[in-house]
Amino acid sequence: MPVEITWWGHATCTIEDANVRLLTDPLFARRLAHLRRRRGAVPPEDALRADLALVSHLHSDHLHIPSLARLAPGTRLLVPRGAPRAVPGLRRLAHLDVTEVEPGDETTVGHVRVRAVPARHDGRRLPVGPQRAPALGYVVEGEARTYFAGDTGLFESMAKEVGPVDVALLPVGGWGPYLGEGHLDAGRAAEALALLGPRSAVPVHYGTYWPIGLDAVRPHEFHAPGDEFVRLAAVRAPQVTVHKLLHGQSVRPEAAR
């Protein structure tokens, strides 16, 4: 069966490939600190089902302990090396099979191989946190090669570090009026497409969470990134088919091409 991608919102996606179900940066909260889910329903219980969950970095909107706690016993979980030391809550998730990884490490589940790749992003749990772990992306290789970028800035060696891919899940925005360093906006994500040259792409990490009380502050940063990415990708990487999904929507990129 062709790879199938479901976007649940923010950086949370299900990747189904070669009868293996993977979940990226699980976040199943209606509210997270000062952020509230402004668009899209909280994912249903079935969205928690996974053979392997991938965590890209330590920020709490990507490594969310309450969401990870809801995964079924025995679920395998990949986290950046050093994450359990930096985030003590991970050590309490005794029902999960947690493995620490760094760029270059590979993990096999069924007929799928997952390779950790570098990302350019702040790897601390908090902006002033003393403990660090590498920010990662992942390449999922089964019947297709799917790149989940996590959170990352654009970097010159991206194509070399990631390698050839068929599908790219790229962040195109964020959760606030301003994007800090180490992020892709729609324009930089379109440049990443030109570097990576996948057959298909899905924009993620936008249009889901927003700070409480700031709905009227630079609202285009919430609403516009997906459409802007589609427009710019058509100019900078016209060979790539972009699938802009609604929350909870799925696509089989190979079949849809």
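Model, not experiment: these values are computed from the prediction.

Caption draft 1: Region of interest: the overall build of the protein chain. Counting secondary structure elements, the protein chain contains seven helices and 17 strands. Expected size for 257 residues packed as a compact globule is a radius of gyration near 18 Å; at 17 Å, the protein chain falls within 12% of this value. For the C-alpha atoms alone, the extent of the protein chain along its principal axes is close to 45 × 45 × 35 Å. In the protein chain, buried positions account for 56% of the 257 residues. When contacts within the protein chain are restricted to residue pairs at least 6 apart in sequence, those whose partners lie at least 24 apart make up 65%. Element-wise, carbon and sulfur atoms account for 51% of the exposed surface of the protein chain, whose accessible area totals about 10,500 Å². Both charge centroids of the protein chain, one from 30 positive and one from 28 negative side chains, sit 4 Å from each other.

Caption draft 2: Structural detail: helix 4 (residues 186–196). Residues of helix 4 that are buried: Ala 186, Gly 187, Ala 189, Ala 190, Ala 192, Leu 193 and Leu 196. In this structure, the buried residues of helix 4 make contact with strand 12 (145–148), helix 3 (158–162), strand 13 (167–171), strand 14 (200–204), helix 6 (225–236) and strand 16 (241–242). Two residues or fewer past helix 4, Gly 197 is found with a positive phi of approximately 65°.

Caption draft 3: Region of interest: unusual backbone geometry. The phi dihedral of Ala 18 falls on the positive side, at around 55°, and the residue is not glycine. One non-glycine residue, Arg 218, adopts positive backbone phi at about 45°.

Caption draft 4: Representation of the nonpolar core. Counting residues in hydrophobic clusters, the biggest one holds 53 residues, and the most contacted among them are Leu 22, Val 114, Tyr 138, Tyr 147 and Leu 193. No other element matches the six residues that helix 4 contributes to this core. Look past the residues within four positions of Leu 22 in its chain and what remains in contact with it is Cys 13, Thr 14, Ile 15, Leu 52, Leu 54, Val 112, Val 114 and Val 140. Core analysis: the second largest hydrophobic core is formed by 22 residues, Phe 28, Ala 53, Val 55 and Leu 93 among them.

Caption draft 5: The arrangement of the pairing of strand 12 in detail. Note: strand 11 (residues 136–141) against strand 12, four bridges, orientation antiparallel. Paired with Tyr 138 across the two strands is Phe 148, which belongs to strand 12. Examined bridge by bridge, strand 12 and strand 13 share three bridges and lie parallel to one another. Along strand 13, the bridge assignment pairs Tyr 147 with Ala 168.

Caption draft 6: Representation of the sheet that holds strand 4 (residues 31–32). Strands sit in the order 4-5-15 across an open sheet of three strands; the sheet is antiparallel. What marks the edges here is a single partner per strand, and that holds for strand 4 and strand 15 (209–211). Sheet topology note: the strand 5 (residues 35–37)/strand 15 ladder contains three bridges and is antiparallel. Paired with Arg 36 across the two strands is Trp 210, which belongs to strand 15.

Caption draft 7: Quick look at the packing of aromatic side chains. Taken as a whole and assessed by the stated rule, the structure comprises two aromatic pairs. Relative to Phe 222, the ring of Trp 210 has its centre 5.5 Å away and its plane inclined at 80°; by these criteria the two rings are edge-to-face. Placement of Trp 210 in strand 15 and of Phe 222 in helix 5 (residues 220–223) is noted, with a sequence separation of 12 residues between them. Taking the relative accessible area as the measure of exposure, Phe 222 reaches 1% and is therefore buried. A cation sits over an aromatic face here: Arg 38 above Phe 222, 4.6 Å from the ring centre. Over the aromatic face of Phe 155 sits the side chain of Arg 120, whose NZ or CZ is 4.1 Å from the ring centroid.

Caption draft 8: Seen up close, the sheet that holds strand 9 (residues 106–109). Spatially, seven strands are ordered 9-10-11-12-13-14-16 in an open sheet, and the strand pairing comes out mixed. The sheet is open, and its two borders are formed by strand 9 and strand 16, each paired with just one other strand. Contacts from helix 4 reach strand 12, strand 13, strand 14 and strand 16, with the element oriented near 155° to strand 13.

Caption draft 9: Spatial organisation of the pattern of salt bridges. Tallied over the entire structure, the rule returns 18 salt bridges. Two residues, Asp 185 and Arg 188, come together in a salt bridge whose shortest N-O distance is 3.4 Å. You can call Arg 188 partly exposed: its relative accessible area is 31%. Among the charged side chains, a salt-bridge network with shared partners connects Glu 16, Arg 21, Asp 46 and Arg 49.

Caption draft 10: Spotlight on the environment of Pro 118. Of note, Pro 118 is situated in strand 10 (residues 112–118). Along the sequence, Pro 118 and Met 158 sit 40 residues apart, while their C-alpha atoms lie 8.2 Å from each other. Contacts of Pro 118, omitting those with residues within four sequence positions, involve Pro 103, Ala 135, Gly 137, Phe 155 and Glu 161.

Reading the values: rules and limits
- Residues numbered from 1 in each chain as written.
- Predicted model: local features only at pLDDT ≥ 70, side-chain atom pairs only at ≥ 80, totals over all residues.
- Heavy atoms only, no water.
- Helix = DSSP H or I, 4+ residues; strand = E, 2+ residues; numbered from the N terminus.
- Rg over C-alpha atoms; globule rule 2.2 N^0.38 Å.
- Buried < 20%, exposed > 50% of the residue type's maximum accessible area, 1.4 Å probe, protein only.
- Contact = heavy atoms within 4.5 Å.
- Areas by Shrake-Rupley, 256 points an atom, 1.4 Å probe, with all protein chains shown as cover.
- Lys, Arg positive; Asp, Glu negative; His and termini not counted.
- Charge placed at Lys NZ, Arg CZ, Asp CG, Glu CD.
- Core = buried A, V, L, I, M, F, W, Y, C linked by side-chain atoms within 4.5 Å.
- Pairing = 2+ DSSP bridges.
- Phe/Tyr/Trp six-rings, centres within 6.5 Å; stacked < 30°, edge-to-face > 60°.
- Lys NZ or Arg CZ within 6 Å of the ring centre and 35° of its normal.
- Axes fitted to C-alpha atoms, helices over the stretch in contact; angles between N-to-C directions.
- Salt bridge = Lys/Arg side-chain N within 4 Å of Asp/Glu carboxyl O.

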